[in-house]
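# Understanding the architecture of this molecule
Take a look at the letters that make up each chain.
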Amino acid sequence: MLFRYYYRPLCSHAVRYVSSKEIAEDIVSDIFYKFHLEQTYLEIHSSYRSYLFTSVRHRAFDYVRSELKRNTSMQFAELVAIQPDQQPDQITQYEDLCNDVENAVNSLPLKRRRIYVMHRFEGKKYQEIATELNLSLRTVEAQMYQALHQVRKIIQKKWFLLFIAFLR
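### Description of the overall build of the protein chain
The number of helices and strands found in the protein chain is 7 helices and 0 strands. Overall, the protein chain shows an N-to-C arrangement of helices and strands of α-α-α-α-α-α-α. Counting every position in the protein chain, which comprises 168 residues, the buried fraction comes to 29%. Across the protein chain, contacts joining residues at least 24 apart in sequence account for 62% of those joining residues at least 6 apart. Accessible area of the protein chain: about 12,000 Å², with a carbon and sulfur share of 55%.

### Focus: helix 6 (residues 126–133)
Owing to its 3.6 residues per turn, the α-helix brings residues three or four apart onto one side. Buried residues of helix 6: Ile129, Ala130 and Leu133, and no others. Take helix 6 and look down its axis: the buried residues cluster within an arc of 100 degrees, on one side only. Positive phi appears at Asn134, one or two residues downstream of helix 6, with a value of about 60 degrees.

### Points about the pattern of salt bridges
Applying the stated criterion across every chain yields a total of 3 salt bridges. Arg57 is the partner of Glu102 in a salt bridge, and the nearest nitrogen-oxygen pair spans 2.9 Å. Taken together, the residues span a long stretch of sequence, with Glu102 in helix 4 (residues 88–106) and Arg57 in helix 3 (residues 48–71) at a distance of 45 residues. Of the two residues, Glu102 and Arg57, neither departs from the other in class, the shared state being buried. Put simply, Glu141 and Arg138 hold a salt bridge, and the shortest N to O gap is 3.8 Å. With Glu141 and Arg138 both in helix 7 (residues 137–167) and 3 residues apart, this pair spans about one turn of that helix. Under the relative-accessibility criterion, Glu141 is labelled partly exposed at 31%.

Parameters at a glance
- Within every chain, residues take consecutive numbers counted from 1 along the sequence as written.
- Residues qualify for local features only when their pLDDT is at least 70, as the model is predicted, and side-chain atom pairs are given and counted only at 80 or more; totals for whole chains, interfaces and linings, by contrast, use all residues.
- Excluding hydrogens and water, the side-chain figures rest on all heavy atoms present in the structure.
- Labels follow the DSSP assignment, with helices taken as runs of H or I lasting at least four residues and strands as runs of E lasting at least two, numbered in each case from the N terminus.
- When accessible area is computed with a 1.4 Å probe and restricted to protein chains, residues below 20% of their type maximum are described as buried, those above 50% as exposed, and intermediate ones as partly exposed.
- Residue contacts are defined here by distance: any two heavy atoms, one from each residue, within 4.5 Å place the two residues in contact.
- The Shrake-Rupley method, run with a 1.4 Å probe, gives the accessible areas here. Residue values count only the displayed protein chains as cover.
- By arc we mean the arc of the directions from the helix axis to the C-beta atoms, nothing more.
- Between Lys or Arg on one side and Asp or Glu on the other, a salt bridge is scored when a side-chain nitrogen of the former is within 4 Å of a carboxyl oxygen of the latter.

Structural data, given as structure tokens:
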């Protein structure tokens, strides 16, 4: 059930880091294989979703790290041009922002979080969510509005000054 429910969103999450659909699918499949084989699900007492997304992110980072070690030797490091969007500070800030967004989403009330995740990460339309959760369309719209407002408010507190500095 977890595989069917989370496979696509986890693949989308992994693609952000590894930039390859096939590699992302391999990573997610490996995570689920290990999850089942080692019966990790018995040890999780909080959130399967959080565990799976964190595992995929860490495995994707491991993959990227190993690829960088394999493909780039220190001898030729000065010849490799660093793209402006790949500066270490910007990568770290992006990872921090992703973690802050994830924490903001996790702070939402359960029903609101579920609606938000279904729409934003699973790509479901409001009507599909309303039908699946047996809610009115208006309730789904209101919950999404509140979720977006709450996530923006949390993120804005930390990232507003950085955003202003970026605009200068």
